Amino acid sequence: MTVEHTRLTAALRELRARTGLSLAALSERTAYSKSSWERYLNGKSLPPRQAVQDLCRIANEPGERLLALWEIAESDWRGRAAVHARAADEPQPQEPPRPPETRRPRGRGVRLMVLLASACTVIVGGVALVLVLAPDREAPEDEPLSASAQYSLAPQCHGAACEGRDPMRMVCGISPQSLTTYRTATGARVELRYSEKCGASWARTWGTQIGDRVEVTAGGPTHDVRIEDGANTETYVFTEMTAAHPGSTVRACFLPASADGERECVEARVGEAATTTRSPSPQ
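S.K.: Sorry, what's going on with the pairing of strand β2 (residues 189-195) here?
M.R.: Walk down a regular strand and you will see the side chains alternate between the two sheet faces. Counted residue by residue, β2 has six buried out of seven residues, so it is predominantly covered. Inspection of the sheet shows strand β1 (residues 177-183) paired to β2 by six bridges, in the antiparallel sense. When the sheet's bridge partners are listed, arginine 183 is paired in β2 with arginine 189. Between β1 and β2, which pair antiparallel in sequence order, lie five residues; one of them, glycine 187, sits at a positive phi of approximately 95 degrees. Following β2, the chain reverses through four residues before pairing antiparallel with strand β3 (residues 200-206); glycine 199 in that reversal takes a positive phi of roughly 60 degrees.

Below is the structure:
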């Protein structure tokens with residue numbers, strides 16, 4: 001799975017959760033079956049463009065950003081399929097010819113070979129079992145999640161454990177609370193989001209330009225994301241998460257790429273959206 005496909009899947013799940021529709025009800029309102037929606041929402045296959053449009057329509061979500069993300073995911077999906085097809089068409093290495101058969105050992109020699117083979121099988125099997133059952137103590141903390149964990153509906157972290165982690169990979173992007181959305185002087189949008197289940201907040205931005213940067217903090221570490229290329233300008237871009245809880249003040253700052261642009265910040269208090277403030281601050 002690519003990062004783009006992962007983000008698209010998380011966004012589609014969020015929209016479906018917002019509608020409150022079951023897979024069967026979703027099937028009745030679109031041209032796609034219940035089993036098809038199950039594959040799309042679990043990342044098993046890439047949905048058609050029309051399916052993304054239909055879900056956006058049902059959820060009353062503007063489709064431009066998700067369709068741009070779909071374009072990127074679909075392009076990569078197509079490229080991987082072409083690579084696999086070329087690999088399948090390549091001639092496979094031929095098995096080397098077997099040496100001439102020699103006279104088979106008889107009597108005790110045969111029994112000895114059988115015993116040795118059995119002993120090797122037991123040893124190899126035991127080692128394999130130990131490797132399977134032993135915990136992976138050396139796996140790095142940021143190693144990509146397994147397929148079952150990556151697409152589980154259960155959050156993969158909470159509070160301090162979410163600090164500096166990707167909200168999509170940690171399954172915190174399903175039905176989060178939107179604390180506030182701010183339109184910058186350049187036209188870019190910055191939205192502060194909060195997941196009660198994950199006890200964390202983050203910022204997402206869109207309508208950006210290459211070189212723009214967004215920071216987020218809730219009184220602890222500051223996490224930022226930079227718009228690196230044209231693909232980033234065509235979709236949502238997320239910061240990493242910062243631990244937050246009801247009553248926390250979350251602050252996001254937008255730093256435009258242009259040298260003469262001003263830093264713009266927006267704040268919101270978790271659970272008290274009415275206290276949101278939007279005020280530019282000096283460099």
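So, next bit.
S.K.: So what exactly am I meant to see when it comes to the pattern of salt bridges here?
M.R.: When the charged atoms of two side chains with opposite charge come close together, those side chains can pair. Counted by the stated rule, this structure contains eleven salt bridges. Note that glutamate 38 is salt-bridged to lysine 44, the shortest N-O span being 2.9 Å. With a shortest N-O distance of 2.8 Å, glutamate 215 and arginine 263 are connected by a salt bridge. In this pair, glutamate 215 is assigned in strand β4 (residues 213-217) and arginine 263 in the loop between β8 (249-255) and β9 (264-269), connecting sequence segments 48 residues apart. For the residue pair glutamate 215 and arginine 263, the accessibility class agrees, reading buried in each case. Connected through salt bridges with shared partners, the residues Glu14, Glu191, Arg193 and Arg204 form a single ionic network.

S.K.: Before we go on, may I ask you to explain the state of the cysteines in this structure?
M.R.: Two cysteines whose sulfur atoms are joined by a covalent bond form what is called a disulfide. Going through the model one piece at a time under the given rule, you end up with three disulfides. Covalently, cysteine 172 is tied to cysteine 198 through a disulfide, its sulfur atoms 2.1 Å apart. In this structure the cystine formed by cysteine 172 and cysteine 198 twists about its S-S bond by roughly -95 degrees; its chirality is therefore left-handed. A residue pair is termed long-range when its members are at least 10 positions apart, and cysteine 172 in the loop between α7 (147-150) and β1 and cysteine 198 in the loop between β2 and β3 qualify at 26 residues. Residue cysteine 172 shares its accessibility class with cysteine 198, and that shared class is buried. Shown here is the disulfide that connects cysteine 253 with cysteine 265, its sulfur atoms set 2.0 Å apart. Handedness of the cysteine 253-cysteine 265 disulfide follows from its S-S torsion of about 105 degrees: it is right-handed. Of the two residues, cysteine 253 sits in strand β8 while cysteine 265 sits in strand β9, which places them twelve residues apart along the sequence. For the protein, the disulfide bridges join cysteines in the arrangement 1-2, 3-4, 5-6, where the cysteines are counted in sequence order.

S.K.: What exactly am I supposed to notice about the environment of isoleucine 210 here?
M.R.: Inspection of the secondary structure puts isoleucine 210 in the loop between β3 and β4. Once the C-alpha coordinates of isoleucine 210 and arginine 226 are considered, the two residues, 16 residues apart in sequence, prove to be 8.1 Å apart.

S.K.: Sorry if this is basic, but what is going on with the packing of aromatic side chains here?
M.R.: Within a pair of aromatic rings, the relevant descriptors are the distance that separates the centres and the angle that separates the planes. Throughout the structure, instances matching the rule amount to four aromatic pairs. Taking 6.1 Å as the distance between ring centres and 85 degrees as the angle between the ring planes, the aromatic pair formed by tyrosine 32 and tryptophan 37 counts as edge-to-face. A relative accessible area of 0% places tryptophan 37 in the buried class. Between tryptophan 37 and tyrosine 40, the ring centres sit 5.6 Å apart and the planes meet at 80 degrees, which makes this aromatic pair edge-to-face. Linking tryptophan 37 with tyrosine 40, this pair stays in helix α3 (residues 34-41), spanning three residues, or about one helical turn. Classification of tyrosine 40 by relative accessible area gives buried; the value is 7%.

What counts as what
Residues numbered from 1 in each chain as written. Predicted model: local features only at pLDDT ≥ 70, side-chain atom pairs only at ≥ 80, totals over all residues. Heavy atoms only, no water. Buried < 20%, exposed > 50% of the residue type's maximum accessible area, 1.4 Å probe, protein only. Helix = DSSP H or I, 4+ residues; strand = E, 2+ residues; numbered from the N terminus. Pairing = 2+ DSSP bridges. Salt bridge = Lys/Arg side-chain N within 4 Å of Asp/Glu carboxyl O. Disulfide = S-S within 2.5 Å. Phe/Tyr/Trp six-rings, centres within 6.5 Å; stacked < 30°, edge-to-face > 60°.

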